[in-house]
Amino acid sequence: MTAPLLQVRGLTTHFDFGRSVIKAVDGVSFDLAPGRTLGVVGESGSGKSVLARSIIGLLPQSRALRTGGEAIFDGRDLRTLPEAEMRRVRGRQIAMIFQDPLTSLNPVLTVGRQIVQVLRQHTDLSVSAAKDRAVELLAEVGIPDPKRRAEEYAHRMSGGMRQRVVIAIALACEPRLLIADEPTTALDVTVQAQVLDLLRRLQDDRDMAMIMITHDLGVVAESCDDVAVMYAGQVVETAPVAEVLAAPRMRYTEALLQAIPRMEGPSHVRLPVIPGAPPDLMRPPSGCRFAPRCAHRLDRCAAEEPPRAAAGPRHAFACWNPAPPPVERPLETLADDRA
Amino acid sequence: MRLSFLLALAWLALVTLAAVFADLLPLPDPDAQSLLDMLAPPGAAHWAGADSLGRDVLSRTLHGFRVTLVVSLGSVAFALVVGGALGICAGYFRGLTEGATLTVVNVLLAFPPLVLIIAMVAYPGDPLMKVVLALGIVFTPAMVRIARANTLVFADREFVTAARAAGMSDARLIWRELLPNLLPALLAYGLLMIAIGALAEAALSFLGLSVPPPTPTLGQMMASEQTNVMEAPHAVFFPAGMLFLTIFALNMVGEEVQRRVDGREGAA
């Protein structure tokens with residue numbers, strides 16, 4: 001494996017409101033190599049988006065903000081970088097795309113102009129050169145008749161087309177890391193697949209690393225190399241995709257996977273659900289944070305925080321009473337073929 | 001609605017052109033006195049009659065409109081630029097910038113505008129500039145608040161976050177991303193302010209606080225001729241009627257534009 005592009009170590013983002021502290025991200029660590037995709041999965045409110053915004057430095061400037069840990073990108077800790085430096089990293093080195101492509105495009109600027117803006121901010125291109133490049137980028141993300149489309153406004157385009165424009169803006173300056181925050185959630189299923197294909201193709205062309213934030217395990221299976229499962233601000237299991245899908249060890253991951261309808265098996269079966277709601281991040285439960293909702297809870301789960309245990313070379317989890325490892329690993333070969 | 005809107009626009013265009021090109025029109029000199037024509041009613045020699053010094057009322061009215069135009073447009077432009085910039089910065093940067101700006105604005109709003117204007121006009125300097133500046137300062141607080149309120153709405157939108165995620169500098173973000181979104185609302189409000197500015201100038205010159213004679217202004221014409229209103233009503237009512245129609249037209253255009261701007265968000 002090549003040297004990681006991004007190393008996150010014990011990252012914490014807390015919001016301290018005096019009487020209570022919201023621990024939105026609480027000690028997250030992972031590595032990301034160039035050209036690889038890390039899927040970050042979790043329920044709403046598990047801290048996925050705050051994690052992404054912590055890395056790219058887009059948290060609201062507030063006195064309540066408490067940050068800790070480090071995010072080493074290309075040898076520099078993004079957390080301690082001054083804002084002026086960080087601005088050069090954003091868009092140029094690390095780009096981000098958001099869930100809803102309509103709201104993340106400016107309603108009164110043509111899409112071409114919005115690409116030109118980003119190019120002009122980070123490069124020395126002249127206006128006309130930037131315009132030409134914008135048309136090229138639109139062509140690259142698969143927009144038909146890009147020259148004419150560059151003169152149009154976002155509201156005249158379909159959802160999939162808009163997300164392609166958003167991707168073109170994000171990739172304008174050839175970033176080395178793309179953070180995609182639920183990039184397909186607002187799209188139709190067929191369009192989702194197209195956008196995921198496009199992202200993967202562009203990623204392969206540029207050897208770009210990607211963090212894919214999603215709550216959709218289908219998206220993860222389709223587009224990621226590794227997965228980090230988040231629960232209540234913590235990463236509870238990290239593993240290569242195939243390994244996590246076939247043999248999850250942490251009970252939360254297991255429960256998530258069981259809640260997905262299967263093609264095989266009887267059709268009229270009640271899907272298992274995870275009872276209860278995600279914990280209040282102001283008062284997370286002691287011990288394992290998933291314990292109150294866990295069907296396999298032991299006494300020590302509520303008392304002690306489980307340590308991270310290794311289940312393979314790149315598979316780690318935190319659970320006192322893990323799912324048993326599979327007897328043989330038929331999918332292990334699958335896990336490595338995309339590496 | 002359509003027809004009245006067009007009529008209002010046509011009227012404004014006519015008055016503006018007549019005022020701008022007043023010197024080129026075949027009109028008597030606005031300052032030329034002809035004592036034989038004192039208080040002459042409208043007729044062939046003086047289309048709108050003559051005033052108590054025998055000066056042509058139509059010519060004086062059109063020349064007076066120049067002051068009205070400069071003062072109303074100038075003061076609104078001042079408020080748009082200064083108030084707009086302050087309001088956008090307050091809404092975008094929040095925190096200390098916002099607190100300081102709003103404090104100044106609230107102090108200005110608490111100050112009686114007429115006292116402010118009289119105090120400013122009392123200083124030496126070019127009278128036209130002083131009136132423009134005084135009214136501009138009076139209009140600024142409202143523009144600050146409108147710019148700030150609209151900025152707050154847009155600054156929370158995701159495209160601003162997305163622009164920030166693309167590493168855009170604050171200056172570029174405000175100028176290229178936010179301003180195009182704010183401009184319609186600011187201009188629509190500015191258009192309505194022009195009518196208030198024109199009326200305010202007339203009131204000030206009626207009180208003798210605007211540009212002093214011999215430069216004709218509408219308010220000053222009405223003030224000096226009011227004693228003869230029974231004998232020669234045209235000398236007062238002609239400039240007054242012209243002002244009334246102009247402000248009526250400005251309000252009509254302003255309201256229509258505002259309606260379209262407000263509808264824009266919902267229709268998108």
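Residues numbered from 1 in each chain as written. Chains lettered and ligands numbered in written order. Predicted model: local features only at pLDDT ≥ 70, side-chain atom pairs only at ≥ 80, totals over all residues.

Colleague: I'd like a rundown of the overall build of chain A, residues and numbers included.
Modeller: On a plain count of helices and strands, chain A comes out with 11 helices and 12 strands. For chain A, whose C-alpha radius of gyration is 21 Å, the value lies close to the compact-globule estimate of 20 Å for 339 residues. Here the C-alpha coordinates of chain A stretch approximately 65 × 50 × 35 Å along the principal axes. With 339 residues in all, chain A has 45% of them scored as buried. (Helix = DSSP H or I, 4+ residues; strand = E, 2+ residues; numbered from the N terminus. Rg over C-alpha atoms; globule rule 2.2 N^0.38 Å. Buried ≥ 20, exposed ≤ 12 C-beta atoms within 10 Å, placed from the backbone.)

Colleague: I'd like a description of the overall build of chain B, backed by residues and values.
Modeller: Along the backbone of chain B there are 9 helices and 0 strands. Listed N to C, the secondary structure of chain B is α-α-α-α-α-α-α-α-α in terms of helices and strands. Dimensions of chain B, computed from the C-alpha atoms along their principal axes, are close to 75 × 45 × 30 Å. The buried share of chain B, reckoned over its 268 residues, is 42%. Considering only contacts within chain B whose residues lie at least 6 apart along the sequence, 69% involve residues at least 24 apart. (Contact = placed C-beta atoms within 7 Å.)

Colleague: Can you explain the sheet that holds strand S4 (residues 65-73) of chain A? Please cite residues and give values.
Modeller: Residues and elements named next belong to chain A. Spatial ordering of the open sheet is given by S2-S1-S4-S5, a layout of 4 strands whose pairing is antiparallel. Across the chains shown, the open sheet's two edge strands, defined by having one partner strand only, are strand S2 (21-32) and strand S5 (76-77). Strand direction decides the pairing type here: S4 and S5, joined by 2 bridges, are antiparallel. Of the residues in S5, the one forming a bridge with phenylalanine 73 is arginine 76. Contacts between helix H1 (residues 48-56) and the sheet are confined to strand S1 (6-16), S2 and S4, with S2 contributing the most and set at about 70 degrees to the helix. (Pairing = 2+ DSSP bridges. Axes fitted to C-alpha atoms, helices over the stretch in contact; angles between N-to-C directions.)

Colleague: Can you explain the nonpolar core? Please cite residues and give values.
Modeller: In terms of nonpolar packing, the biggest core is built from 163 residues, with A:Ile115, A:Ala168, A:Ile179, A:Ile211 and A:Val229 touching the most fellow members. The dominant element in this core, judged by the number of residues it contributes, is helix H7 (residues 170-206) of chain B, at 15 residues. Aside from chain neighbours lying at most four places away, what touches A:Ile211 is A:Leu32, A:Leu38, A:Val40, A:Ala52, A:Ile179 and A:Ala180. (Core = buried A, V, L, I, M, F, W, Y, C linked by C-beta atoms within 7 Å.)

Colleague: Could you give an account of the interface of chain A and chain B, with specific residues and numbers?
Modeller: With 24 residues of chain A in contact, the opposing surface of chain B contributes 17 residues. Sorting the residues of the side of chain A that touches chain B by element identifies helix H2 (83-89), strand S6 (94-97) and helix H3 (111-122) of chain A as the ones contributing at least two each. In terms of residues, the side of chain A that touches chain B owes the most to one element, H3(A), which gives 4 residues. Grouping the amino acids of the side of chain A that touches chain B by side-chain chemistry returns 11 nonpolar, 8 polar and 5 charged. (Nonpolar A, V, L, I, M, F, W, Y, C, P; charged D, E, K, R; others polar.)

Colleague: Which residues make up unusual backbone geometry, and what are the values?
Modeller: Geometrically, the link from B:Pro213 to B:Pro214 is a cis peptide bond, its omega value of 10 degrees lying close to zero. Here B:Pro214 shows up in the loop between H7 and helix H8 (218-225). Positioned with a positive phi, A:Asp145 is a non-glycine residue whose angle comes to about 50 degrees. On the secondary structure map, A:Asp145 appears in the loop between helix H4 (127-140) and helix H5 (146-149).

Colleague: For the sheet that holds strand S8 (residues 209-214) of chain A, give the residues involved together with the corresponding values.
Modeller: Residue and element names in this part refer to chain A. Taken together, the 8 strands give an open sheet; going across it, the order is S6-S7-S8-S3-S9-S10-S12-S11, and neighbouring strands pair in mixed fashion. With partners counted over all chains shown, the strands left at the sheet margins are S6 and strand S11 (308-312), one partner each. This sheet shows a mean twist of 20 degrees between the axes of neighbouring strands, independent of strand direction. Judged from the 2 bridges that link them, strand S10 (residues 234-240) and strand S12 (residues 315-318) form a sheet pairing that is antiparallel.

Colleague: For the packing of helix H2 (residues 57-93) of chain B against H7(B), give the residues involved together with the corresponding values.
Modeller: All names here are of chain B. As a packed pair, H2 and H7 sit with axes 8 Å apart at the nearest point and diverge in direction by 145 degrees. With respect to the hand of their crossing, H2 and H7 are arranged in right-handed fashion. Residue-level inspection shows Val67, Thr68, Val71, Ser72, Leu73, Ser75, Val76, Ala79, Leu80, Gly84, Ile88 and Tyr92 of H2 in contact with H7, the latter providing Ile174, Leu178, Leu182, Leu186, Gly190, Met193, Ile194, Gly197, Ala198, Glu201 and Ala202. Of the residues in the contact of H2 with H7, the class split is 16 nonpolar, 6 polar and 1 charged. (Left-handed = near helix turned anticlockwise from the far one by under 90°.)

Colleague: Tell me what's going on with the pairing of S2(A), and back it up with residues and numbers.
Modeller: All names here are of chain A. Pairing between S1 and S2: 9 bridges, direction antiparallel. The residue of S2 that forms the bridge with threonine 12 is aspartate 26. With antiparallel pairing between neighbouring strands as the criterion, S1 and S2 make up a hairpin whose turn holds 4 residues, including glycine 18 at a positive phi of roughly 75 degrees.

Colleague: Describe the environment of B:Phe5, naming the residues involved and giving the relevant values.
Modeller: Its place among the elements puts B:Phe5 in helix H1 (residues 2-20). Along the primary structure B:Phe5 and B:Glu225 are separated by 220 residues, whereas in three dimensions their C-alpha atoms are 33 Å apart.

Colleague: Can you break down the confidence of the model for chain B residue by residue, with the values?
Modeller: Residues and elements named next belong to chain B. Taken residue by residue, chain B gives an average pLDDT of 87. The fraction at 70 or more is 97%. Ranking the helices and strands of chain B by mean pLDDT puts H2 first, with 93, and helix H9 (residues 233-267) last, with 82. Reported for the predicted complex are a pTM of 0.81 and an ipTM of 0.82. (pLDDT = per-residue confidence, 0-100.)

Colleague: Give a detailed account of the pairing of strand S9 (residues 226-231) of chain A, specifying residues and quantitative values.
Modeller: Residues and elements named next belong to chain A. The buried fraction of S9 is high, at 6 of 6 residues. Along S9, one buried face is formed by Asp226, Ala228 and Met230 and the opposite face, lined by Val227, Val229 and Tyr231, is buried too. As defined by bridge partners, strand S3 (residues 37-41) adjoins S9 across 4 bridges and the pair is classed as parallel. Residue pairing in the sheet places glycine 39 in a bridge with valine 227 of S9. Direction of pairing for S9 relative to S10: antiparallel, over a ladder of 6 bridges. What sits directly across from aspartate 226, in S10, is proline 240. Between the antiparallel neighbours S9 and S10 lie 2 residues, among them alanine 232 with a positive phi of about 50 degrees.

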